[in-house]
Amino acid sequence: MTVDQPSRTAPTRIAVWQTPGAPGDVEENLAELSRAAQRASEGGAELLLTPEMFVTGYNIGSLLPELTDLPLTERVGDVARRHHIAIAAGLPLRSEAGITNSVVILDRDGRTVSRYDKTHLFGDLDRAMFVPGDRPSEVIDFLGLTIGALICYDVEFPETVRDLALRGADLILVPTAQMAPYAFIAERTIPSRAWESQVYVAYANHVGSESDLTYVGRSSVTAPDGEILAMGGDASELLFADVDSRRVAASRRDNPYLSDRRPELYD
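Everything quoted here is computed from the prediction, not taken from an experiment.

S.K.: Describe the pattern of salt bridges, listing the residues and the values that go with them.
M.R.: For the structure on display, the rule yields 18 salt bridges. Residue D107 is joined to R111 by a salt bridge in which the shortest nitrogen-to-oxygen separation is 2.8 Å. Classification of D107 by relative accessible area gives buried; the value is 2%. One salt bridge in this structure joins R193 and E196, with 2.8 Å as the shortest N-O distance. With R193 and E196 both in helix 6 (residues 183–197), this residue pair falls three residues apart, about one helical turn. Residue R193 is classed as buried on the basis of its relative accessible area, which comes to 9%. The partly exposed category is assigned to E196, whose relative accessible area is 22%. Put simply, E52, K118 and D126 are held in one network by salt bridges that share partners.

S.K.: Please give an account of the packing of helix 1 (residues 26–42) against helix 3 (residues 72–83) that cites residues and values.
M.R.: In the contact formed by helix 1 and helix 3, the axes pass within 9 Å of each other and the chain directions differ by 30°. Here helix 3 runs roughly parallel to helix 1, going by the angle between their axes. The two elements helix 1 and helix 3 cross, and the hand of that crossing is right-handed. Contacts between helix 1 and helix 3 involve V26, E27, L30, L33, S34, A37, Q38 and S41 on the former and, on the latter, L72, R75, V76, V79, R82 and H83. Its residues placed into classes, the contact of helix 1 with helix 3 shows seven nonpolar, four polar and three charged.

S.K.: Tell me about the side chain of H83, and please be specific about residues and values.
M.R.: The residue H83 is located in helix 3 in this model. Exposure remark for H83: the relative accessible area of 13% places this residue in the buried category. Aside from chain neighbours lying at most four places away, what touches H83 is S34, A37, Q38 and S41.

S.K.: Before we move on, could you go through the environment of A89 and cite the residues and values that matter?
M.R.: Of note, A89 is situated in strand 3 (residues 86–95). Measuring from C-alpha to C-alpha, the distance between A89 and V103 comes to 5.4 Å, with 14 residues separating the pair along the chain. Residues in contact with A89, not counting those within four places in the same chain, are T50, V55, V76, S102, V103 and V104.

Cut-offs and rules
- Residues numbered from 1 in each chain as written.
- Predicted model: local features only at pLDDT ≥ 70, side-chain atom pairs only at ≥ 80, totals over all residues.
- Heavy atoms only, no water.
- Salt bridge = Lys/Arg side-chain N within 4 Å of Asp/Glu carboxyl O.
- Buried < 20%, exposed > 50% of the residue type's maximum accessible area, 1.4 Å probe, protein only.
- Helix = DSSP H or I, 4+ residues; strand = E, 2+ residues; numbered from the N terminus.
- Axes fitted to C-alpha atoms, helices over the stretch in contact; angles between N-to-C directions.
- Parallel < 35°, antiparallel > 145°, perpendicular 65-115°, else oblique.
- Left-handed = near helix turned anticlockwise from the far one by under 90°.
- Contact = heavy atoms within 4.5 Å.
- Nonpolar A, V, L, I, M, F, W, Y, C, P; charged D, E, K, R; others polar.

Below is the structure:
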């Protein structure tokens, strides 16, 4: 799918927003998103990525159905349009089967260009709140890049990242709600996913606490050659990184995992 794809030779700057948010308070989260979008735009970013379920909060219990029925995507679109920046936002959406844990990608005019519903639900909490998505992420040509999306637990399966890389993704956007004691996922697994499939991975996490969950932060952007371009700590921060499809091509030439695969042996 090709959307808003101007020809370019310069890298695309992205921003990753790490924050505790305000669980259950959509208005405060949208106000915070607006402030982050303004900062990201002023910093030269063309795309802002939020944590998983940022717009409503993740572990919000009985508030989930009520908040899902609000016009969440349209409100995020208002922020994108106001600050002239694309946004990939984590939020709940409805499907025929129930409520999904989703990420929507909106262009700088506030139009939805892609939606992905989390396919791998983690633990009793995820399964109590959401139904799983039943389709893989689409790969879109957007902002001079080829982009796919995963959510939290999805990226911990190497097959999901490899699938997107084989379909041409330069960048995988990953909203997450990674909690203790799984900091090692953020520190070691995410860079490994980028390296083994030669793809950029942008990983946006919460910090602080939400009900009985304590989030580990450590949001990051990792390059396709394994270099960590930006990594957060355990406080709110806005990370910036430059993403260049030419670096993806060079990495795949120098580290040819994708072309050296022998799928007839293990598919």
